[in-house]
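# Residue-level structural notes
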Amino acid sequence: FAQYERELAGERIRDKFLASRKRGLWMGGHPPLGYDVSDRKLMINPGEAELVKQVFRRFLQVGSATQLAQELKAAGHRTKRGKPFDKGVLYKLLHNRTYVGEVEHKGTAYAGQHEAIVDRGTWDRVHTILAENAHRRASRTRATTPALLKGLIFGPDGKAMAPSHTRKRGRLYRFYRTTTALKLGRDACPIRSVPAGDVEAAVIGQIRAL
């Protein structure tokens, strides 16, 4: 009976949460950049909201999250919690439906009771570019040859290096690039990238010797 009561209480809480989301209510937590919380409602923070609009407008111009993250970092802009911008933070911001006046629950969007910062036309154009970029990245990933050291090789800052490649005059060149360089740009890491064939051969040589 105790287990049943716990499950029933949990189900009631989930139902209440869903009902609140359908009504467009803010359900607590850290407000996104551009908003403050007052009386349990999201209210626009004018200064932060202008930065959010700038991010969306600039992304439409450059079409590159890496370049935009570099620009925001160079300008000294910070997130709501005081962290510098990188690609991951930027993608979360660009995908946050709060900015078009919606709330989301388990993948379903509902009209929110707060004011939107970004108009629907801008949102749709940004997400068209994001979808095109994702398709190109997926195509490049499918074309990548197997990387022996994926998940095993790390940069000087202790973060993993990811396999990458490029083609020049029909020839494939493979590399391992640090995630720091991928997120923040080439100048953010002293190593940047290493030739995959050379480092794999060195590792295999050591293993054979052992």
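Structural notes, computed from the coordinates. (Residues numbered from 1 in each chain as written. Predicted model: local features only at pLDDT ≥ 70, side-chain atom pairs only at ≥ 80, totals over all residues. Heavy atoms only, no water.)

If you trace the 3 strands from one edge of the open sheet to the other, you get E5-E6-E7, paired in antiparallel fashion. Of all the strands in the sheet, the pair left with one neighbour each is strand E5 (161–168) and strand E7 (193–195). Across the sheet, the mean angle from the axis of one strand to that of its neighbour is 35°, orientation sign disregarded. Bridge count for E5 against strand E6 (residues 171–178) is 8 bridges, and the pairing is antiparallel. Looking at the pairing, Arg167 lines up with Leu172 of E6. (Pairing = 2+ DSSP bridges. Helix = DSSP H or I, 4+ residues; strand = E, 2+ residues; numbered from the N terminus. Axes fitted to C-alpha atoms, helices over the stretch in contact; angles between N-to-C directions.)

With that out of the way, let us pick up the layout of surface pockets. Estimated volume of the second largest pocket: approximately 440 Å³. Looking at the second largest pocket, it is lined by 17 residues, and the ones nearest its centre are Thr79, Lys80, Arg81, Val89 and Lys92. Top element by residues in the lining of the second largest pocket is helix H4 (residues 87–95). It accounts for 4 residues. Residues that form the lining of the second largest pocket fall into these classes: 7 nonpolar, 4 polar and 6 charged. (1 Å grid on protein atoms, 1.4 Å probe; cavity = no way out; pocket = protein on both sides within 12 Å on 5 of 7 lines; lining within 4 Å. Points joined across faces, edges and corners; volume = space filled by probe spheres on them. Nonpolar A, V, L, I, M, F, W, Y, C, P; charged D, E, K, R; others polar.)

Below, the discussion takes up the packing of aromatic side chains. Summed over all chains, the structure comprises 3 aromatic pairs. Linked through ring pairs, Tyr35, Phe56, Tyr99 and Trp123 together constitute an aromatic cluster. (Phe/Tyr/Trp six-rings, centres within 6.5 Å; stacked < 30°, edge-to-face > 60°.)

Take the nonpolar core next. With 25 residues, the main nonpolar core has Phe56, Leu90, Leu93, Leu94 and Tyr99 as its most contacted residues. Put simply, the parts of the chain that give this core at least two residues each are helix H2 (46–62), helix H3 (65–74), H4 and helix H5 (120–143). Beyond its immediate chain neighbours, meaning those up to four positions away, Phe56 contacts Leu93, Leu94, Tyr99, Val118, Thr122, Trp123 and Val126. Formed by 5 residues, the second largest nonpolar core is a distinct cluster that contains Leu149, Met161, Tyr176 and Ala196. (Core = buried A, V, L, I, M, F, W, Y, C linked by side-chain atoms within 4.5 Å. Buried < 20%, exposed > 50% of the residue type's maximum accessible area, 1.4 Å probe, protein only. Contact = heavy atoms within 4.5 Å.)

With that out of the way, let us pick up the side chain of Glu200. Among the secondary structure elements, Glu200 is positioned in helix H7 (residues 196–209). Judged by its relative accessible area of 7%, Glu200 falls in the buried class. At 2.6 Å, the side chain of Glu200 forms a polar contact with the side chain of Tyr176. When neighbours within four sequence positions are excluded, Glu200 is seen to be in contact with Ala147, Leu148, Leu149, Arg174 and Tyr176. (Polar contact = N/O pair within 3.5 Å; in protein donor to acceptor, adjacent residues only side chain to side chain.)

Let us look at the packing of H2 against H3. Angle between the axes and distance between the axes are the two parameters that describe a pair of packed helices. Between H2 and H3, the least distance of the axes is 9 Å, while the angle of their chain directions is 140°. It follows from the interaxial angle that H2 and H3 lie oblique. Classified by chirality, the crossing of H3 by H2 is right-handed. Facing Leu51, Val55, Arg58, Phe59 and Val62 of H2, the residues of H3 in contact are Ala65, Gln67, Leu68, Glu71 and Leu72. Considering only residue class, the contact of H2 with H3 consists of 7 nonpolar, 1 polar and 2 charged. (Parallel < 35°, antiparallel > 145°, perpendicular 65-115°, else oblique. Left-handed = near helix turned anticlockwise from the far one by under 90°.)

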